[in-house]
Each structure stands twice: as structure tokens, then as C-alpha cells.
Amino acid sequence: MNAAETSIRLSRRRRRLTLRRAFGASVPYWLVLPVLITIGAVLGYPIYRLVRLSFQQYGLFELIAHKGKPAGLHNYGSILHDPVFWHTLVRTIVFTVVNVGLTIGLGLLVAMLLARVSSVVRVLLTSGLVLVWSMPVVVAVQVWYWMTNYENGILNYFLSQLGIGDFFHHDWYATTLSQLGLATALIVWGAIPFVAITLYAGLTQVPGDLVEAASIDGANAWRVFRDVTFPIIKPILLILTSLSIIWDFGVFTQPFLLIGQSKLTSGNYLMGIYLFEEGYLKTDFGRGAAISIVMLLIVAALSIVYVRKMVKLGDVA
Amino acid sequence: MNRHRFAWNVVGLIVFAVMVFPVYWMVTTAFKRDTEITSLKPTWAPLHPTTAHFGNATHQPFFWQDVKNSLIIVLVTVAISMALAFLAAVALAKYRFTGRKLFIVLVIGIQMLPQAGLIIPLYVVLARYHQVNALSGVIITYMTFVLPFTVWTLRGFIIGIPRELEEAAMVDGSSRLGAFVRILLPLIAPGLVATSVFAFITSWNEYIFARVLLNDQSKQTVTVWLSYFLGSSKHTDWGALMAGSTLTAIPVVVFFLLVQRKIAFGLTAGAVKA
């Protein structure tokens, strides 16, 4: 074998290696491609259409003709001049704050309770929480509807028995406050398990001797929580709070089904329901699209903290 | 200290009772006779248990048809999502590439979108392609939330596998694919199962997309069937409603109890460490 032959061989081999390396570098792209194409088709394209729809007049006629009429900023103007929109926005914000506060507050209390009970009670309580966690939302709504029914719902019976007042035939679906209160109870009940179990996992990371040392140094329970426990569970608490804000702001199924179609009025709308009624039921898709965009923008602003936190986690791993 | 522990245990039992009560009340109502259900003084347990309500619930129009629809939608959604998501999850867990971060932002960001905000464009686009009132249309919309979730969860399971194992297999002379099939696959099988089951549950429970896209009673999913149950008669048949609710919940509860630990761990492991 002469020198020239060897060098040709070597260069061929090198080329093969470079090709192989080039293909190797493209492997991750081939792997994510199917997901990217699918997301583009099932989500990217609809979102592009959403933006276009929001600038069009698009009702049933246009739906059948597959062609919208240009409407400029009319849809946005009509929402921003609609007092119902502003009332709904404020109501939704208050509803979100109350729901998130109760979910996180009660969830934290249950988590701390889990850390204090004996192991038998802990296993029992955890199983109960997981059972509640697993309840499908639509099923939970039906059960709560049955329990709060004015005629023979168990809630009225309980409250009367406990001597809180006379709740015989009390109609919980009569006022907006009590309708949204029930929806809150249902949502918080359903959300506590996830929050409590996740926070309990965080609490187990708090070193016991640290708590003990603080107590010996004379710190009371509140000081121990504020200066020892809280800093350790803060990242989880932050993630859970952001998630709850995003979920509760966009909530639909619980209030929609619990309050019920016949009792939904512009006086008790939440954002998701307002959108459903105005856009879908009234088949005013252009206006519905504008409401969706406003809603998506608000949620996007709310999610920034959470997404950044999670991306950081994903980047480390 | 002991007295404290006792007091906490009592509080724990009370919290347990309050949380579980709705579930208990659903199941017991389903087994009670009508006279017990409608009596002003509730009975705490079915004194004369009956399964009649389950018969009534399953004989409601379209119950079995809608269960079948739910199963078809869920199984197809999960199968397609898992296949696609698995590839992307391998890329995220085992490769560093330009655009990786952007892809992560996409996967996490999409999960934050409120479903209500997407019904209008999905309805309009699917109507254009005659996918309204079709199971295939619902399957497409379910991909929007199942796919990002499965990518993210699977990534967590794949990362858990030490690179050394994979490398050891490659040194042994097998290709990357061979190493993958022989070493990685058996290790992530439990993760694959847990993720599929969780995807199954979220799709089975979904309500708003199915409600918007399926108007035909014979095409509906079981959650939509259950949501219309109340309106079907003037006097609510509470027993049958609770029996229907129980039947809808059973597959979900069973599956959930099987995988909850794994998924909860996957969700929190990173957060606790960071």
C-alpha cells in the first residue's frame, strides 16, 4: 500500500466520520420534529386564525362560507366598551385571589398537619387526599350539586343540626355571592390535595435539628415557620401559587356546571364563561376571538414567573 | 408532647372526614333506596343496599355509546401522544442542541394556556375541515394539552437514567439504538406506563372541548353525558346520578391510585431540590 492510497483511504474515512457526526448533530432535531409539526398544526395554526378572527366579523353565516368580513378593531372596541366585560374581569380577579388564597393557605395547613400526625393517621389522610385528587371534575360537580340541593341536600341538614341557623330548604343557588361561594368551595376542595401533598414533600426537606435548634434558642412556632421552614419551601410555594393563579383565572367547568346554564347571567360571569356565552353560544366568533386574546394575554403575563422558573429547572437537568 | 400528638391526630381525622365525605356520600347515595335518599333525615349508610340505580344509569340513552366514544378518543390520543412525545423527550433529556431552551419554553408555556381561551379558534378551524361532531376532531384538540404534558413528564423519567449505563452498553459494541432498546427501554418502562395512565386520566376527565365540539348525543363523551344527566328529567333521579358519577369516576380513581406516587414525584422532585 503506497502513501497516496493510504491518504485517500484516510480522507474517505474522515469524510464518513464528518457525515456521521453531522447526522449525529441533527438527531435531536429529527426527534423533536414530529411534536413540533403536530403542535404547529393543532395549536399554532388555530392561534394564527384566532388573531385573524379577532379582526373580523365572523358569525354563523361566515362560518358556513368559511370567510370572515374585515372589521378592523371593532371587536376589541365592543369588548372594551362593554361594562359586562369590565365587571367580569374584576369579578374574576377577586374570585382568583380568594380561591388561590384559600387553596394555598388551607393546603399549607394540611401539609403541616401531615407533618405532625402519627404515621397511621398520615397514611390515612394521604390516601383520602389522593382519592379526592383523583375525582374527575364533572363528577365532583354532580356530587356537590347533590349535597347542596335545597330540598334534601346534606349541607342544609348539617348546618341546621350544628345549630348555625335554620337552613331548611335554603337555596344556595339564589344569589351570586353564594353561587360563586359554592364554586370556590368546590374548587378549593379539589385543589387542596395536590397542594398539600406537594408541600408536605417540601416540608420533609426541612432539617429537624434546625427546627429544634431554633426552638431551643427560644423562637416561637411562628418565628420557626418564618425563618426556618418558609425559606426552604418557598420555591415550591411560588410554583404552586403561580399554577393556582393561572388555573383559577381560566376556570370554566366547575362554575359553569355547578351554577348551571339556566342560572348563568351577566351578573355572575367569570372570564371563561363570559367567553363561552358571548363567543360560542351567541356564535359571534370574531368577538369571542377578541375576548380569547385578551384572556390569553392576561394569562401569559401571569405565567411569566412560573415558566421562567420551570425553564430554569429544565435547563439544569 | 404526646398529648400534642394526640390532638393533632384528632384534627387529622377530622380533616380526613371532611375531605373524603363528598366521595363517601356519592358512593353511598348510589346504593341507597329512593325513600332513604329523599327522606328529610338522611341515613348515614345504605340500610337496604340496592344496585337498581346502576341499572337506571347504564340504561339511560347513549351511556354505553358515550363510554365507547370516550375510550376511543382517549386511547387514540394517548397512543399518538406517547409515540411522538417519547422522541422529543429523549431529545430533551439526552441531547444539548441550539433551540432546546426555546422548545422547553414552548412545552411549558402551552400547558399554561386556559382551555376556554382556545375553544373559538379550534371550533372555527375544525368546522372548516368538517371535524366538528367527529371523534377525530376531539382527538386533535386533546393533543394540544396531552402532548406538552407527556413530553415534559417523560423527559423527567428519561433524565433519571444514568448516562454511564448507556455508555457501558455502547462500549460493549452495540449501537446507540441497540443500547437504547436493551438498556434504556426496560428502565423507563414504568415511567412510560405512569405517563400514559396520567394522559389517559386527563383526557377521560376533559369537558369543555368535548362539550363544544360534539353536539350529537351519540358522539358525546361520558363526561358530557354526565353533565347533561340533570336536565333529562324534571325530578332529578339522585340515585341514578350518583351511580352514573361513580361509574364515571371508577376507571380514573383506580388508575390514579396506581400512578399517583410516580407522577407526584416527577412533578416535585426538581422543585424540592432547586
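Residues numbered from 1 in each chain as written. Chains lettered and ligands numbered in written order. Predicted model: local features only at pLDDT ≥ 70, side-chain atom pairs only at ≥ 80, totals over all residues.

**A look at the overall build of chain B**
Working step 1: In terms of regular secondary structure, chain B is built from twelve helices and zero strands.
Working step 2: Counted from the first residue to the last, chain B has its helices and strands arranged as α-α-α-α-α-α-α-α-α-α-α-α.
Working step 3: Among the 274 residues that make up chain B, the fraction classed as buried is 45%.
Working step 4: Of the contacts formed within chain B by residues at least 6 apart in sequence, a portion of 75% connects residues at least 24 apart. (Helix = DSSP H or I, 4+ residues; strand = E, 2+ residues; numbered from the N terminus. Buried ≥ 20, exposed ≤ 12 C-beta atoms within 10 Å, placed from the backbone. Contact = placed C-beta atoms within 7 Å.)

**With respect to the overall build of chain A**
Working step 1: Within chain A, the regular secondary structure consists of 13 helices and two strands.
Working step 2: The C-alpha radius of gyration of chain A comes to 28 Å, more than 25% above the 20 Å expected for a compact globule of 317 residues.
Working step 3: Taking the principal axes of the C-alpha coordinates as reference, chain A spans close to 105 × 70 × 30 Å.
Working step 4: For chain A, with 317 residues in total, the buried portion stands at 40%.
Working step 5: The contacts in chain A between residues at least 6 apart in sequence include a share of 67% that link residues at least 24 apart. (Rg over C-alpha atoms; globule rule 2.2 N^0.38 Å.)

**Quick word on the environment of Leu122 of chain B**
Working step 1: Tracing the chain through its elements places Leu122 of chain B in helix 6 (residues 119-128).
Working step 2: A count of 26 C-beta atoms within 10 Å places Leu122 of chain B in the buried class.
Working step 3: In this structure the C-alpha to C-alpha distance between Leu122 of chain B and Gly137 of chain B, which are 15 residues apart in sequence, comes to 9.1 Å.
Working step 4: Apart from the residues within four sequence positions on either side, Leu122 of chain B is in contact with Pro46 of chain A together with Thr141 of chain B.

**Focus: the interface of chain A and chain B**
Working step 1: Listed by partner, the interface residues are 80 residues for chain A and 81 residues for chain B.
Working step 2: Tallying contributions element by element places helix 1 (residues 3-53) of chain A first for the side of chain A that touches chain B, with 17 residues.
Working step 3: Among the residues making up the side of chain A that touches chain B, the classes are represented as 59 nonpolar, 18 polar and three charged. (Nonpolar A, V, L, I, M, F, W, Y, C, P; charged D, E, K, R; others polar.)

**Observations regarding the domain arrangement of chain B**
Interface size is often expressed as the accessible area that is lost when the parts come together.
Residue and element names in this part refer to chain B.
Working step 1: Taken domain by domain, chain B holds domain 1 (2-50) and domain 2 (61-273).
Working step 2: Counting residues at the interface gives seven residues for domain 1, matched by six residues for domain 2.
Working step 3: Elements represented by at least two residues in the side of domain 1 that touches domain 2 include exactly helix 1 (2-31) and helix 2 (34-38).
Working step 4: Among the elements that line the side of domain 1 that touches domain 2, the one with the most residues is helix 1, at four residues.
Working step 5: Partitioning the side of domain 1 that touches domain 2 into residue classes produces four nonpolar, one polar and two charged. (Domains from an automatic or database assignment.)

**As for the packing of helix 8 (residues 176-203) of chain A against helix 10 (residues 221-249) of chain A**
Residues and elements named next belong to chain A.
Working step 1: Interhelical geometry of helix 8 versus helix 10 gives an angle of 155 degrees and a closest axis separation of 10 Å. On the basis of their axis angle, the class for helix 8 and helix 10 is roughly antiparallel. By crossing handedness, the relation of helix 8 to helix 10 is classed as right-handed. Mapping the contact onto sequence places Ile187, Ala191, Val195, Thr198, Leu199, Gly202 and Leu203 in helix 8 and Thr229, Ile232, Ile233, Ile236, Leu240, Ser244 and Asp248 in helix 10.
Working step 2: Grouping the amino acids of the contact of helix 8 with helix 10 by side-chain chemistry returns nine nonpolar, four polar and one charged. (Axes fitted to C-alpha atoms, helices over the stretch in contact; angles between N-to-C directions. Parallel < 35°, antiparallel > 145°, perpendicular 65-115°, else oblique. Left-handed = near helix turned anticlockwise from the far one by under 90°.)

**Quick word on the nonpolar core**
Working step 1: Ala196 of chain A together with Ala88 and Ile119 of chain B are the most contacted members of the largest nonpolar core, which has 162 residues in total.
Working step 2: Element by element, the count of residues in this core is highest for helix 8 of chain A, at 16 residues.
Working step 3: If sequence neighbours within four positions are ignored, Ile119 of chain B has contacts with Phe276 and Tyr280 of chain A together with Ile208, Phe209 and Val212 of chain B. (Core = buried A, V, L, I, M, F, W, Y, C linked by C-beta atoms within 7 Å.)

**Brief notes about the confidence of the model for chain B**
Working step 1: For chain B, the average pLDDT comes to 86, and 89% of its residues sit at 70 or higher.
Working step 2: Taken together, the chains of this predicted complex give a pTM of 0.88 and an interface ipTM of 0.88. (pLDDT = per-residue confidence, 0-100.)

**Brief notes about unusual backbone geometry**
All names here are of chain A.
Working step 1: Although it is not a glycine, His66 sits at a positive phi angle of roughly 60 degrees.
Working step 2: Topologically, His66 is positioned in the loop between helix 2 (60-65) and strand 2 (69-70).
Working step 3: Taking the number of C-beta atoms within 10 Å as the measure of exposure, His66 has 10 and is therefore exposed.
Working step 4: Even without being glycine, His169 reaches a positive phi, approximately 55 degrees.

**Topic: helix 5 (residues 119-133) of chain A**
An α-helix turns once per 3.6 residues; consequently, residues spaced three or four apart project the same way.
Working step 1: With 15 residues, helix 5 of chain A should reach 21 Å at 1.5 Å per residue; the first-to-last C-alpha distance of 21 Å fits that figure.
Working step 2: Here helix 5 of chain A has its buried residues at Val121, Leu125, Gly128, Leu129, Val132 and Trp133 of chain A. Seen from one end, helix 5 of chain A has its buried residues packed into an arc of 140 degrees, which puts them on one side. Among the exposed residues of helix 5 of chain A, those pointing more than 90 degrees away from its buried face are Ser119, Val120 and Val123 of chain A.
Working step 3: Looking at the buried residues of helix 5 of chain A, the elements they touch are helix 4 (83-116) and helix 8 of chain A together with helix 1 of chain B. (Expected span 1.5 Å × (residues − 1). Arc of directions from axis to C-beta.)

**A few points about the environment of Phe252 of chain A**
Working step 1: By secondary structure assignment, the location of Phe252 of chain A is in the loop between helix 10 and helix 11 (253-259).
Working step 2: Residue classification places Phe252 of chain A among the buried positions, given that 22 C-beta atoms sit within 10 Å.
Working step 3: Setting aside anything within four residues of it in sequence, one finds Phe252 of chain A in contact with Gly272, Ile273 and Phe276 of chain A together with Gln115, Ala116 and Ile208 of chain B.

**Structural notes on the packing of helix 6 (residues 137-147) of chain A against helix 8 of chain A**
Residues and elements named next belong to chain A.
Working step 1: Contact pair helix 6 / helix 8: the axes reach a minimum separation of 11 Å and the direction vectors enclose 130 degrees. When the axis of helix 6 is compared with that of helix 8, the two are oblique. Read as a crossing pair, helix 6 and helix 8 show a hand that is right-handed. Together, Val137, Ala140, Val141 and Trp144 of helix 6 and Leu182, Leu186 and Gly190 of helix 8 make up the contact between the two elements.
Working step 2: Its residues assigned to classes, the contact of helix 6 with helix 8 comprises six nonpolar, one polar and no charged.

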